[in-house]
Amino acid sequence: MIEILESSPLNVNVFRRRALIVGLIALAVCGIGALINPGQFFRSYLLAYVFWIGISLGCLAILMVQHMSGGVWGLVSRRVLEAAAATFPLLAILFLPVAFGIRSIFVWAQPAASLASNEELAHAVQQKQLYLNVPFFLARAAFYFAVWIAVASTLNRWSRRQDRTGDRMLTSKLQGLSGPGLLLYGLTVTFSSIDWVMSLDPRWFSTIYGMLFMGGQGLSAMAFVIAVLAILSGDKPMSEVVRPAQFHDLGKLMLAFLMLWAYFAFSQYLIIWAGNLPEEIPWYTRRIQSSWKWVGLGLIVLHFMLPFVLLLSRELKRNRRSLTLLAGIVILMRFVDLMWMTGPEFHGGSFGVHWMDIVMPVGIGGIWLAFFATRLAERPLLPIRDPYIEDALTQAAD
Amino acid sequence: MSKEDVLKSNINSDLLRPVFKTGIGWYITVAISGSLLLAAMGAFGYQLYSGIGVWGLNRPVMWAFDITNFVFWIGISHAGTLISAILRVTGAEWRRPVTRCAEAITVFALMIGAMFPIVHLGRPYLFYWLAPYPNSRGLWPNYRSPLLWDFFAINTYLLGSLIYLYLPLIPDLALVRDKAKGLRHKIYSIASLGWRGTQVQWSRLEKAVGVMAVIIIPVAVSVHTIVSWDFAMTIRPMWHSTIFGPYFVAGAIFSGIAALIMAMAVIRKVFHLEAYLKPIHFNNLGLLLLTMSLLWFYFTFAEYLTSYYGNERVEKAVFQSKISGAYAPLFWAMVVCCFVIPMPILAIKKLRTISGTVAASALIVVGMWLERFLIIVPTLSQPALPFNWGSYRPTWVEITLTAGTFGYFVLLYAVFTKLFPIVAVWEFKEGLTLADHAGSVAEPQRLVAHGD
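Residues numbered from 1 in each chain as written. Chains lettered and ligands numbered in written order. Predicted model: local features only at pLDDT ≥ 70, side-chain atom pairs only at ≥ 80, totals over all residues. Heavy atoms only, no water.

Some points on the overall build of chain A
Right, so step 1: Helix and strand content of chain A: 19 helices and zero strands.
Right, so step 2: A globule of 398 residues ought to have a C-alpha radius of gyration of about 21 Å, and chain A, at 21 Å, matches this closely.
Right, so step 3: Dimensions of chain A, computed from C-alpha atoms along their principal axes, come out at roughly 70 × 40 × 40 Å.
Right, so step 4: In chain A, buried positions account for 57% of the 398 residues.
Right, so step 5: A separation of at least 24 residues holds for 82% of the contacts in chain A among residues at least 6 apart in sequence.
Right, so step 6: Split by element, the accessible area of chain A, about 16,200 Å² in all, is 66% carbon and sulfur. (Helix = DSSP H or I, 4+ residues; strand = E, 2+ residues; numbered from the N terminus. Rg over C-alpha atoms; globule rule 2.2 N^0.38 Å. Buried < 20%, exposed > 50% of the residue type's maximum accessible area, 1.4 Å probe, protein only. Contact = heavy atoms within 4.5 Å. Areas by Shrake-Rupley, 256 points an atom, 1.4 Å probe, with all protein chains shown as cover.)

Structure representation (structure tokens):
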């Protein structure tokens, strides 16, 4: 079994070429869009970027969780998680357009004179200037990427060394890094979600915001892992290892993240709705008193209710095809959720979806997936020298 | 005989000894904790007679020690469910000697916590008006109030955790029944519900415990979330915070694990269960406690940082009073007790011993009580309009009531250990059998059936 895994590396050439071509075409089309409407280009870019980095960050977090918790599900999904976490250097480069377009994206980055018409907004921006200013914003972003690249590359490096040497000590080293790593993840995601999304409306704040993003990222990542494992397990050798029992476990974890996300999202809504304070409620009135409310209702039904009810079924979780279909819906709805969070800020509270909002994620996604596939194909699809792998394989074969 | 065989042959006598033999220490414990409880009952009687004015409460601080105790004890009650249910659901083998200690904490802490809103009522005997029942006075509870949700959530949780405590108790009750004589035999016969240890009974029990473990987790989370909404649904500064639900739940689990570690250490020492509650259990619970300590730190940080970022004037006043104002000594004591000292103790393997984890737990319990106090009182003493600001000092009545809760808890726990085996006998034996058969796929045999 292990020999097969070692000797048959994944062939991703065709996929990589296709993903790159699709991605580059989509980005080229958006490039034309940038000439027509540069402001919209940057705003659509932020949405697409936050979506894809969410998958990478979620995978990084789950990678550390599985190092700490152990379990067969972690062993079979570890390589997918590691490959997704290895995309941070690419994502750091892809962040550059956000930095360039900062004045088109964030109200607070515009010169004070342009805000003069809205006194209340100008006041809020002025009060938060100590935190919300361009140099500090960029310095913070640089710090987040330094942390994410350092943690992800160290985890990947040790795991690669274990592939070569089979050193058991590395397992406890990986575990030792994962604890503090998760704390760093929590702090950086909290700050980055405030920086990149919450500050779109500089007046509004919500203390649960970081948690809401973590829940969402975990959910995106679980759905992504399920989708990738479903494709990989279509062929030997992974079809021998990733069995219904593993999909069952992964499905349960996706359900857990789904419930967590819904819990956070509902907590935020209920408390702000009940408080009905002038400094908070506008964020929701923009979303429930315009046509955005249909998107919001769609989120309740398709982002929560439908996946929740379906994931309660044991049969569905054990069925590769139906679980993958559901994971696809979840990934799509994650994007819609982010659109619901950002869109009303960009369209002055009224409903609007630009064609670049749809094309841009395809563009970034194509490049991201090509990079991911390259990383995934570099090594065997399972951690073949992990001390627990033998047990896991026999367990999976049962 | 090897060491393990000696252990195996002694399981019944070791674990049932506290039930059948009563030492002098037990009477002393009951006397001390009972007198604390009596003192609290006296204070409560005095309060009923003179009115709630005998507490230090006054406008604007209308909630203080009592609601702190309410939130604190409901928090402690999260030890049982969250530890026992999560460990059961994830199939962690080391849980076996720990589960019952934890489940008992849940039930008793919940009973104590739920008392306080009633104690706080001007007319405690009318608390049943919360229940929506048809009545001629046209009373109908306000469904929009989280205080009413509390009533439903806590009762659901109490019922659920009683069932969850009772189900795994049945085989052990049968064990006591078979050893006991006379009246005791009769009582345990009724309590063990005709348990004979047949295959069908075992499989049903296992299924029922499994289902309850899954159900009780969302119930537990909902309870402390709703407790947090008592505060967050208002628009008071630093209460009206979206993170409150998970923040309270995390704090609850945190203090619950700390209470569990302390209870286990006492039981281990008093009943000489060194062979059952081993350093590994304290180590593992210590690691969970470490995780919760970091999580607690994250939540506190996120809550305070985002308030600071939000920069609301009324929030800032409360924020300042905690960080550097009148409440600063308590605030920093809380940070030291919940994070600064326990974190290194729990993180360094050499210090994560039994005495290390117990010391950390004691600090955490104190720190978490302070946390609940600091959530409640600074906000109330500084409402949005400054003309209304005030301060708060507890009176002897509140302090006695608070001390009484600890006495009551110890008393209930001591009585529980007298009536029921505090370490689940059958679960422990099942673990040993499973370990013997590790690797084989055969159906695990039971060491304990009818009378062993």
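Overview of the overall build of chain B
Right, so step 1: Along its length, chain B carries 17 helices and zero strands.
Right, so step 2: Taking 452 residues into account, the globule formula puts the C-alpha radius of gyration at 22 Å, and chain B, at 23 Å, falls close to it.
Right, so step 3: Dimensions of chain B, computed from C-alpha atoms along their principal axes, come out at roughly 75 × 60 × 40 Å.
Right, so step 4: Looking at the 452 residues of chain B, the share that counts as buried comes to 55%.
Right, so step 5: Of the accessible surface of chain B, which amounts to about 19,300 Å², a share of 70% is contributed by carbon and sulfur atoms.

Quick notes on helix α17 (residues 425-436) of chain B
Right, so step 1: Taking 1.5 Å of rise per residue, the twelve residues of α17(B) would be expected to cover 16 Å, and the 17 Å separating its terminal C-alpha atoms lies within 8% of that figure.
Right, so step 2: Listing the buried residues of α17(B) in full gives V425(B), W426(B), E427(B), F428(B), K429(B), E430(B), G431(B), L432(B) and T433(B). (Expected span 1.5 Å × (residues − 1).)

Here we look at a nonpolar patch on the surface
Right, so step 1: A surface patch of nonpolar side chains, amounting to about 710 Å² of accessible area, comprises W294(A), L297(A), I300(A), V301(A), L302(A), M305(A), L306(A) and L310(A).
Right, so step 2: With respect to the helices and strands, the residue L310(A) is situated in helix α15 (residues 292-311). (Patch = residues over 30% accessible without salt bridge, like charges linked within 9 Å, V, L, I, M, F, W, Y side chains within 5 Å. Salt bridge = Lys/Arg side-chain N within 4 Å of Asp/Glu carboxyl O.)

A closer look at unusual backbone geometry
Residue and element names in this part refer to chain B.
Right, so step 1: Omega for the peptide link from R59 to P60 comes to 5°, which places this bond in the cis form.
Right, so step 2: Position of P60 among the secondary structure elements: in the loop between α2 (24-50) and α3 (65-76).
Right, so step 3: Positive phi values are uncommon outside glycine, yet M238 reaches one of about 70°.
Right, so step 4: You can see M238 is positioned in the loop between α9 (199-232) and α10 (244-270).
Right, so step 5: Its identity as a non-glycine residue notwithstanding, H272 has a phi of 55°, on the positive side.
Right, so step 6: Within the fold, H272 resides in the loop between α10 and α11 (279-310).
Right, so step 7: Using a relative accessible area of 55% as the deciding quantity, one classes H272 as exposed.

A short note on the interface of chain A and chain B
Right, so step 1: With 34 residues of chain A at the interface, the matching set in chain B holds 28 residues.
Right, so step 2: Summed over the shared surface of chain A and chain B, the number is zero salt bridges.
Right, so step 3: Mapped onto the side of chain A that touches chain B, the elements with two or more residues apiece are α10 (169-196), α11 (209-232) and α13 (244-275) of chain A.
Right, so step 4: When residues of the side of chain A that touches chain B are assigned to their parent elements, the largest contribution, ten residues, is made by α13(A).
Right, so step 5: Across the side of chain A that touches chain B, the residue classes tally to 21 nonpolar, ten polar and three charged. (Nonpolar A, V, L, I, M, F, W, Y, C, P; charged D, E, K, R; others polar.)

Description of the nonpolar core
One recurring pattern in soluble globular proteins is that nonpolar side chains are buried together.
Right, so step 1: Ranked by internal contacts, the top residues of the largest apolar core, which has 275 residues, are Y49(A) and W196(A).
Right, so step 2: The greatest single-element share of this core, amounting to 19 residues, is contributed by helix α3 (residues 38-69) of chain A. (Core = buried A, V, L, I, M, F, W, Y, C linked by side-chain atoms within 4.5 Å.)

A closer look at a positive patch on the surface
All names here are of chain A.
Right, so step 1: On the surface, R157, R160, R161, R164 and K173 cluster together to form a positively charged patch.
Right, so step 2: Broken down by element, the positive patch gets its largest block of residues, four residues, from helix α9 (residues 134-165).
Right, so step 3: Within the secondary structure, R161 sits in helix α9. (Lys, Arg positive; Asp, Glu negative; His and termini not counted. Charge placed at Lys NZ, Arg CZ, Asp CG, Glu CD.)

Overview of the packing of α13(A) against α9(B)
Pairs of packed helices are described in terms of their axes, by the angle between the two and the distance that separates them.
Right, so step 1: Axis separation between α13(A) and α9(B) bottoms out at 11 Å; the angle between their running directions is 25°. In this view, α13(A) runs roughly parallel relative to α9(B), as classed from their interaxial angle. Both α13(A) and α9(B) take part in a crossing whose hand is right-handed. Facing Y263(A), F266(A), S267(A), L270(A) and I271(A) of α13(A), the residues of α9(B) in contact are V221(B), T225(B), W229(B) and A232(B).
Right, so step 2: When its residues are assigned to classes, the contact of α13(A) with α9(B) shows seven nonpolar, two polar and no charged. (Axes fitted to C-alpha atoms, helices over the stretch in contact; angles between N-to-C directions. Parallel < 35°, antiparallel > 145°, perpendicular 65-115°, else oblique. Left-handed = near helix turned anticlockwise from the far one by under 90°.)

Description of the packing of aromatic side chains
Residues and elements named next belong to chain B.
Right, so step 1: Taken as a whole and judged by the stated rule, the model has 71 aromatic pairs over all chains.
Right, so step 2: Residues F231 and F248 carry aromatic rings whose centres are separated by 5.8 Å and whose planes lie at 45° to one another, so their mutual orientation is tilted. With F231 in helix α9 and F248 in helix α10, this pair connects stretches of sequence that are 17 residues apart. Each member of the pair F231 and F248 is classed as buried. (Phe/Tyr/Trp six-rings, centres within 6.5 Å; stacked < 30°, edge-to-face > 60°.)

Comments concerning helix α2 (residues 13-36) of chain A
Residue and element names in this part refer to chain A.
Right, so step 1: Here α2 is 24 residues long and its end C-alpha atoms lie 35 Å apart, about the 34 Å a rise of 1.5 Å per residue gives.
Right, so step 2: Inspection of α2 places A19, G23, A26, C30 and G33 among the buried residues, and these make up the whole buried set.
Right, so step 3: Against the buried residues of α2 lie α3 and α18 (355-377).

Topic: the confidence of the model for chain A
Right, so step 1: On average, chain A scores 88 in pLDDT, and the residues at 70 or more come to 96%.
Right, so step 2: Put simply, helix α1 (residues 2-7) of chain A is where chain A has its lowest mean pLDDT, 64, and helix α5 (residues 88-94) of chain A is where it has its highest, 94. (pLDDT = per-residue confidence, 0-100.)

Remarks on the side chain of S220(A)
All names here are of chain A.
Right, so step 1: By the element assignment, S220 lies in helix α11.
Right, so step 2: Of the polar contacts made by the side chain of S220, one reaches the side chain of R334; its length is 3.3 Å.
Right, so step 3: Among residues more than four places away in sequence, those in contact with S220 are I55, I331 and R334. (Polar contact = N/O pair within 3.5 Å; in protein donor to acceptor, adjacent residues only side chain to side chain.)

So, the pattern of salt bridges
All names here are of chain A.
Right, so step 1: In the structure shown here, the tally under the stated rule is 20 salt bridges over all chains.
Right, so step 2: The partner of R203 in a salt bridge is E120, with the nearest N and O atoms 3.6 Å apart. Placement of the pair is R203 in the loop between α10 and α11 and E120 in helix α8 (residues 119-127), with a sequence separation of 83 residues.
Right, so step 3: Close ionic contact of D201 with R203 constitutes a salt bridge, the shortest N to O distance being 3.2 Å.
Right, so step 4: Overall, the relative accessible area of 5% leaves D201 in the buried class.
Right, so step 5: Relative accessible area serves as the criterion here: at 23%, R203 is assigned to the partly exposed category.
Right, so step 6: Beyond isolated ion pairs, a larger network of salt bridges with shared partners links E120, D201, R203, R286, R287 and E345.

Things to note about the confidence of the model for chain B
In regions of low pLDDT, the predicted coordinates are not meant to be interpreted in detail.
All names here are of chain B.
Right, so step 1: Mean pLDDT for chain B: 85, with 95% of residues reaching 70 or above.
Right, so step 2: Below a pLDDT of 50 lies the segment residues 439-452, which in the model reaches 21 contacts outside its immediate sequence neighbourhood of four places, other chains included.
Right, so step 3: Overall fold confidence (pTM) sits at 0.90, and the ipTM for the predicted complex is 0.86.

As for the environment of G54(A)
Right, so step 1: Of note, G54(A) is situated in helix α3.
Right, so step 2: Taking C-alpha positions, G54(A) is 22 Å from L232(A), a pair spaced 178 residues apart along the chain.

Looking at the packing of α3(B) against helix α16 (residues 396-419) of chain B
All names here are of chain B.
Right, so step 1: At a minimum axis distance of 9 Å, the contact between α3 and α16 shows a crossing angle of 20°. In terms of their interaxial angle, α3 and α16 are classed as roughly parallel. The two elements α3 and α16 meet at a crossing, and its hand is right-handed. The residues of α16 that touch α3, namely those facing F65, N69, F72 and W73, are E398, I399, T402, T405, F406 and F409.
Right, so step 2: Tallied by class, residues from the contact of α3 with α16 come to six nonpolar, three polar and one charged.

Remarks on the environment of R385(A)
Right, so step 1: Tracing the sequence through the fold places R385(A) in the loop between α18 and α19 (389-397).
Right, so step 2: C-alpha separation for the pair R385(A) and G298(A), spaced 87 residues apart in sequence, amounts to 45 Å.

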